[in-house]
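Listed here are the chains, written in short residue letters.
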Amino acid sequence: FFVVSLIRHGEMPPPRPSKYAARANPDAPSSEVTPLSYFAPDKMEYNRRAVEFCRTMMGIISGCAAGVAGFSGLTGLACFFVVSLIVSAAIVVHAGPHPELYLQSVPGVFFGGLMSGMGSYILFWTMAYDIVHIYG
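Heads up: these notes are all about the structure in this document. This is a predicted model, so every value here is computed, not measured. (Residues numbered from 1 in each chain as written. Predicted model: local features only at pLDDT ≥ 70, side-chain atom pairs only at ≥ 80, totals over all residues. Heavy atoms only, no water.)

Things to note about the packing of helix α4 (residues 41–69) against helix α5 (residues 74–94)
And then number 1: Between α4 and α5, the least distance of the axes is 10 Å, while the angle of their chain directions is 145°. In the crossing of α4 with α5, the sense of the turn from one axis to the other is right-handed. Facing α4, whose interface residues are V51, C54, R55, M58, S62 and A66, α5 presents C79, F80, V83, S84, V87, S88 and I91.
And then number 2: The class makeup of the residues in the contact of α4 with α5 is 9 nonpolar, 3 polar and 1 charged. (Axes fitted to C-alpha atoms, helices over the stretch in contact; angles between N-to-C directions. Helix = DSSP H or I, 4+ residues; strand = E, 2+ residues; numbered from the N terminus. Left-handed = near helix turned anticlockwise from the far one by under 90°. Contact = heavy atoms within 4.5 Å. Nonpolar A, V, L, I, M, F, W, Y, C, P; charged D, E, K, R; others polar.)

Following this line, the structure appears as structure tokens:
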């Protein structure tokens, strides 16, 4: 819960025009509003890093749990995808009824940092499995 709360309650201000709005796309018509032209890019980057942190922590914790539980082969891989889906859905739900106000893209939450989370997952999954079931 603490990690997910970083996204919504971190250092994000309420939506406001950015000081970068005029430089985002000077040729765009004034009626065209994009997230880059409306929101502060530094806050959007902060939120992206918070989601990436959630993914890494999810990989570490679920990898240890899968290793201790004795999952191996495709069962362990399926565990990663199920836990990743649950964590991504929790992030989107926690962002409120309009997650696009806080996140660059909702599909990016589900698929954006999948490989970095998978690296942490595999590392801790094999380590926990070896410690508990092979050497233990």
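Focus on helix α7 (residues 114–134)
And then number 1: Compared with the 30 Å implied by 1.5 Å per residue over 21 residues, the 28 Å span of α7 between its first and last C-alpha is a close match.
And then number 2: Along α7, the residues classified as buried are L114, G117, M118, S120, Y121, W125 and A128. For α7, the angular spread of buried residues about the axis comes to 160°, placing them on one side. Relative to its buried face, α7 has exposed residues pointing more than 90 degrees away, namely M115, L123, I131 and I134.
And then number 3: Contacts from the buried residues of α7 go to α4, α5 and α6 (106–111). (Expected span 1.5 Å × (residues − 1). Buried < 20%, exposed > 50% of the residue type's maximum accessible area, 1.4 Å probe, protein only. Arc of directions from axis to C-beta.)

Here's the deal with the packing of α4 against α7
And then number 1: As a packed pair, α4 and α7 sit with axes 7 Å apart at the nearest point and diverge in direction by 25°. Considering their axes alone, α4 and α7 lie roughly parallel with respect to each other. Note that α4 runs across α7; the crossing there is right-handed. Each of E52, R55, T56, G59, I60, S62, G63, C64, A66, G67, V68 and A69 in α4 lies in contact with α7, whose residues at this interface are L114, S116, G117, S120, Y121, F124, W125, A128, Y129, V132 and H133.
And then number 2: Here the residues of the contact of α4 with α7 sort into 12 nonpolar, 9 polar and 2 charged. (Parallel < 35°, antiparallel > 145°, perpendicular 65-115°, else oblique.)

What about α4?
And then number 1: When the terminal C-alpha atoms of α4 are compared, their 42 Å separation across 29 residues agrees well with the 42 Å that a helix rising 1.5 Å per residue should span.
And then number 2: Buried within α4 we find M44, N47, A50, V51, C54, R55, M58, G59, S62, G63, A66 and G67.
And then number 3: Phi turns positive one or two residues past the end of α4, at G70, with a value near 90°.

Brief notes about the packing of aromatic side chains
Aromatic ring pairs are defined here through the distance separating the ring centres and the angle between the ring planes.
And then number 1: Counting across every chain of the model gives 3 aromatic pairs.
And then number 2: Ring centres of F80 and F81 lie 5.3 Å apart, and the angle between their planes is 70°; on these two criteria the pair is classed as edge-to-face.
And then number 3: For F81, a relative accessible area of 39% translates into the label partly exposed.
And then number 4: With 5.1 Å between their ring centres and 50° between their planes, F80 and Y121 make a pair best called tilted. (Phe/Tyr/Trp six-rings, centres within 6.5 Å; stacked < 30°, edge-to-face > 60°.)

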